[in-house]
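Now for the letters of each chain:
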Amino acid sequence: MKKNLRPATLCVQAGWEPKNGDPRVLPIVQSTTFKYDNSEEMAMLFDLKKDGYFYTRLQNPTNDAVARKIAALEGGVGAVLTSSGQAANFYAVFNICEAGDHIVASNEIYGGTYNLFGVTMRKLGIDCTFVSPEATEAEIEAAFRPNTKLLFGETISNPGCNILDIEMFARVAHRMGVPLVVDNTFATPINCRPFDWGADIVTHSTTKYMDGHATQVGGCVVDSGHFDWEAHADKYPGLTTPDESYHGLTYTRQFGQMAYCTKLVSQLMRDLGSIPAPQNSFLLNLGLETLHLRMPQHCRNAQQVAEFLEADPHVAWVRYSGLTSSPQHALAQKYLPNGSCGVMAFGLKGNRQTAIDFMDALQLINIVTHVADARTCVLHPASHTHRQMSDEQLRQAGVAPDLIRLSVGIEDVRDIIDDLKQAMDRI
């Protein structure tokens, strides 16, 4: 395929390039196994000496085509699809960390990721120090230890909607000799490409805007190919020394820029699974084909909704970077000049029950444990996704107890605002 294609064309065309007589639409290869004529051909695949397919847990043509599309959109050298966004973040970290290691992460990240890093991975011997995304470079550096292996943040935090200063975080990470991993779920590569600002690895919950229709659960890990693992070989022996579980090969020497992705597949997918079903990847690809059309509509609608909320007397505060009053507005102009996303956070005057009463009064807008698709939806994290946290833990994670997360869809914005207004009038 021609290089330097624009995002809209990549959304539609990238990843699957049919040959003469092939189906024009990406086919669903719903098969666990692939047949070969002799044992030697299969052996070459298991030795990673030949490209091809032999078992869908490791590779599948449908999955790989969609991964190539996402890699092209992000400007990466390779990508791997996973069964969920949580799996993507786990794999992105575990691919270069092991027991005894340490990571540094922004404390304003999705609650599930916060728990993954702060609780579950600690049980595996990987410690995490959380820092504010508004911390100074010196404060972030102070969180590093000799065994720190990466720095992590979200382009737009979920649910707080704060914007990461990617360039600054990348500068700190590289000065400390580690990669910056950025979850780009909310912005998508249509509105921000973290690699352009120095990030090294990008993750996605493809369940969200990339799918756009709440039809599949999935994730993706994308490698920029820019981080020099060999220059920091003592930190990353899993990539730079022989892998005795895979014939003693050394990933950086044998696969160059594809070392990180190859290790992720040949080690983590081999041992842990967490692959998407080909059917799910097919559905994800359909969503990707309209991503460049949907994101501007989400942003247009969200801007009008945010302005409505800011002016409503029932509303105590609104957090949306498109508002000129937002402390995040300058960062948004830098990293997200074409718009951020359709997700915003706001609080009502009152207490937790006020938020619950408001949501229960909504008619068009649905209360769901989801975000970032075509339908407008709402959630109160303190009562739902983050309910395991105390008020103090919520504040440490950048989630106010009164925070309502509103994901503005692509319906007619007048209907969305009408529903918000009638619910406000009933509380």
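## Re the overall build of the protein
- Looking only at helices and strands, the protein features 17 helices and twelve strands.
- Expressed as a percentage of its 427 residues, the buried residues of the protein come to 55%.
- Counting contacts in the protein only where the partners sit at least 6 residues apart, residues at least 24 apart contribute 72% of the total.
- Split by element, the accessible area of the protein, about 17400 Å² in all, is 51% carbon and sulfur.
- For the protein, the distance from the average site of its 36 positive side-chain charges to the average site of its 47 negative ones is 2 Å.

## Examining the sheet that holds strand β6 (residues 201-205)
- The sheet built from seven strands is open, its strands ordered β1-β7-β6-β5-β4-β2-β3 with mixed pairing. This sheet does not close on itself; its edge strands, each paired only once, are β1 (78-82) and β3 (127-131). Averaged over all pairs of adjacent strands, the angle between their axes in this sheet comes to 20°, without regard to strand direction.
- Where β1 meets strand β7 (residues 219-223), five bridges bridge the pair, whose relative direction is antiparallel. Opposite Thr-82, over in β7, you have Gly-219 as the bridge partner.
- On top of the sheet, helix α5 (residues 111-123) reaches β2 (102-106), β3 and β4 (148-154); it is set at about 150° to β3, its chief contact.

## Overview of the layout of surface pockets
- Approximately 1100 Å³ is the volume attributed to the largest pocket.
- Secondary-structure elements contributing two or more residues to the lining of the largest pocket are α3 (61-74), β1 and α11 (259-272).
- Tallying contributions element by element places α3 first for the lining of the largest pocket, with six residues.
- Classifying every residue of the lining of the largest pocket by side-chain character gives 24 nonpolar, twelve polar and ten charged.
- Computed from the structure, the second largest pocket encloses a volume of approximately 330 Å³.
- Lining the second largest pocket are 22 residues, and of these Gln-86, Tyr-110, Asn-158, Ser-205 and Lys-208 lie nearest its centre.
- Ranked by residue count, the leading element in the lining of the second largest pocket is helix α4 (residues 85-94), at three residues.

## What to know about the sheet that holds strand β9 (residues 343-348)
- An order of β8-β9-β12-β11-β10 is seen for the five strands of this open sheet, with the pairing classed as mixed. One side of each edge strand has no neighbouring strand; the edge strands of this open sheet are β8 (315-319) and β10 (366-367).
- Relative to strand β12 (residues 404-407), strand β11 (residues 377-379) runs antiparallel, the two being bridged by three bridges. Residue pairing across strands places Cys-377 opposite Ser-407, the latter belonging to β12.
- Against the sheet, helix α13 (residues 291-311) makes contact with β8, β9 and β12, and its axis sits at roughly 10° relative to β9, the strand it touches most.
- Together, β9, β10, β11 and β12 form the strand contacts of helix α15 (residues 352-361), whose direction differs from that of β9 by roughly 120°.

## A short note on the packing of α4 against α5
- Running from N to C, α4 and α5 cross one another at 45°; their axes reach a closest spacing of 10 Å. Classified by the angle between their axes, α4 and α5 sit oblique to one another. Classified by chirality, the crossing of α5 by α4 is right-handed. Taken together, the residues of α5 that come into contact with α4 (itself represented by Gln-86, Asn-89, Phe-90, Val-93 and Phe-94) are Gly-112, Thr-113, Leu-116, Phe-117 and Met-121.
- Here the residues of the contact of α4 with α5 are counted per class, giving six nonpolar, four polar and no charged.

Here is what the cut-offs are and how they apply
Residues numbered from 1 in each chain as written. Predicted model: local features only at pLDDT ≥ 70, side-chain atom pairs only at ≥ 80, totals over all residues. Heavy atoms only, no water. Helix = DSSP H or I, 4+ residues; strand = E, 2+ residues; numbered from the N terminus. Buried < 20%, exposed > 50% of the residue type's maximum accessible area, 1.4 Å probe, protein only. Contact = heavy atoms within 4.5 Å. Areas by Shrake-Rupley, 256 points an atom, 1.4 Å probe, with all protein chains shown as cover. Lys, Arg positive; Asp, Glu negative; His and termini not counted. Charge placed at Lys NZ, Arg CZ, Asp CG, Glu CD. Pairing = 2+ DSSP bridges. Axes fitted to C-alpha atoms, helices over the stretch in contact; angles between N-to-C directions. 1 Å grid on protein atoms, 1.4 Å probe; cavity = no way out; pocket = protein on both sides within 12 Å on 5 of 7 lines; lining within 4 Å. Points joined across faces, edges and corners; volume = space filled by probe spheres on them. Nonpolar A, V, L, I, M, F, W, Y, C, P; charged D, E, K, R; others polar. Parallel < 35°, antiparallel > 145°, perpendicular 65-115°, else oblique. Left-handed = near helix turned anticlockwise from the far one by under 90°.

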